[in-house]
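Single-letter residue listing:
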Amino acid sequence: MEGQKAKRKRVYSVEPNKVVQAKFTRSYMNYLAPALKKIKERRSSMEAKKVENIVKYEVDMAMVISSQGFAWSNALKTKLQKNGDEGSSRVSNNYQENQMSQVGFSKQDCLKSEGSEILVGENDEDEDEQLRCLRKLLPGGEEIRCDDEMVSELESYVSCLQMQVNILKCLTDY
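Residues numbered from 1 in each chain as written. Predicted model: local features only at pLDDT ≥ 70, side-chain atom pairs only at ≥ 80, totals over all residues. Heavy atoms only, no water.

**Thoughts on the pattern of salt bridges**
If the charged atoms of two oppositely charged side chains come close together, the side chains can form a pair.
Part 1: On inspection of all chains with the given rule, the structure shows four salt bridges.
Part 2: Measuring nitrogen to oxygen at the nearest pair gives 3.9 Å for the salt bridge that ties K49 to E52. With a gap of three residues between them, K49 and E52 both fall in helix α2 (residues 48-66), about one helical turn apart.
Part 3: According to the relative accessible area criterion, E52 is partly exposed, its value standing at 37%.
Part 4: Residue R135 is joined to D147 by a salt bridge in which the shortest nitrogen-to-oxygen separation is 2.7 Å. One end of the pair, R135, is in helix α5 (residues 124-137); the other, D147, is in helix α6 (residues 147-173), with 12 residues separating them in the sequence.
Part 5: Residue D147 is classed as partly exposed on the basis of its relative accessible area, which comes to 36%.
Part 6: Each of K49, E52 and K56 takes part in one network of salt bridges that share partners. (Salt bridge = Lys/Arg side-chain N within 4 Å of Asp/Glu carboxyl O. Helix = DSSP H or I, 4+ residues; strand = E, 2+ residues; numbered from the N terminus. Buried < 20%, exposed > 50% of the residue type's maximum accessible area, 1.4 Å probe, protein only.)

Next comes the structure, spelled out in structure tokens:
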């Protein structure tokens with residue numbers, strides 16, 4: 001036993017969410033920080049609207065890179081790359097700049113008139129309408145046919161959005 005080296009053991013957080021959050025944050029910042037630095041260096045030669053669109057693109061792409069393996073992530077990446085192929089110039093080494101297109105529905109499409117409440121389980125038509133609206137919110141949600149899979153994807157999307165907001169908030173406070 002004297003000749004054997006002590007084996008190093010990995011220590012993981014008791015809370016799996018902390019591991020996921022740390023991995024997401026590391027990946028997100030590893031992508032976004034260099035992209036923002038390049039934008040800052042080139043900002044003087046670009047108009048303000050173009051800089052805004054580039055930052056939006058890079059923030060969305062950082063989200064995609066940090067959350068690979070989800071259907072919504074793949075759909076968002078495809079949409080960003082497709083929009084980037086429409087003749088825009090390269091911003092970073094790996095991706096092109098462009099603004100993400102809007103989801104394509106108004107707030108009124110998914111909300112009842114003011115003063116009325118939507119009761120979950122009121123009837124099948126309301127549930128179908130709510131699921132339809134959720135599908136529009138989720139990138140690639142229109143292609144997901146199974147309601148359980150769609151809810152699972154939506155849960156991961158919202159979780160990643162929350163982590164993204166926390167990271168961006170920390171960056172703006174810095």
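**Points about the environment of K79**
Part 1: If you trace the backbone, K79 turns up in helix α3 (residues 71-84).
Part 2: Here K79 falls in the partly exposed class, since its relative accessible area comes to 30%.
Part 3: The spatial distance from the C-alpha of K79 to the C-alpha of G140 is 9.2 Å, given a sequence separation of 61 residues.

**Brief notes about the packing of aromatic side chains**
Part 1: Overall, the coordinates contain three aromatic pairs when judged by the stated rule.
Part 2: Considering the side-chain rings of F24 and Y28, the 5.6 Å spacing of their centres and the 20° angle between planes classify their relative orientation as stacked. Here the residue F24 and the residue Y28 both occupy positions in helix α1 (residues 16-42), the gap between them amounting to four residues, near one helical turn.
Part 3: F24 gets classed as buried once you look at its relative accessible area, which sits at 3%.
Part 4: Each member of the aromatic cluster is reached from another via a ring pair, and the members are F70, W72 and Y157. (Phe/Tyr/Trp six-rings, centres within 6.5 Å; stacked < 30°, edge-to-face > 60°.)

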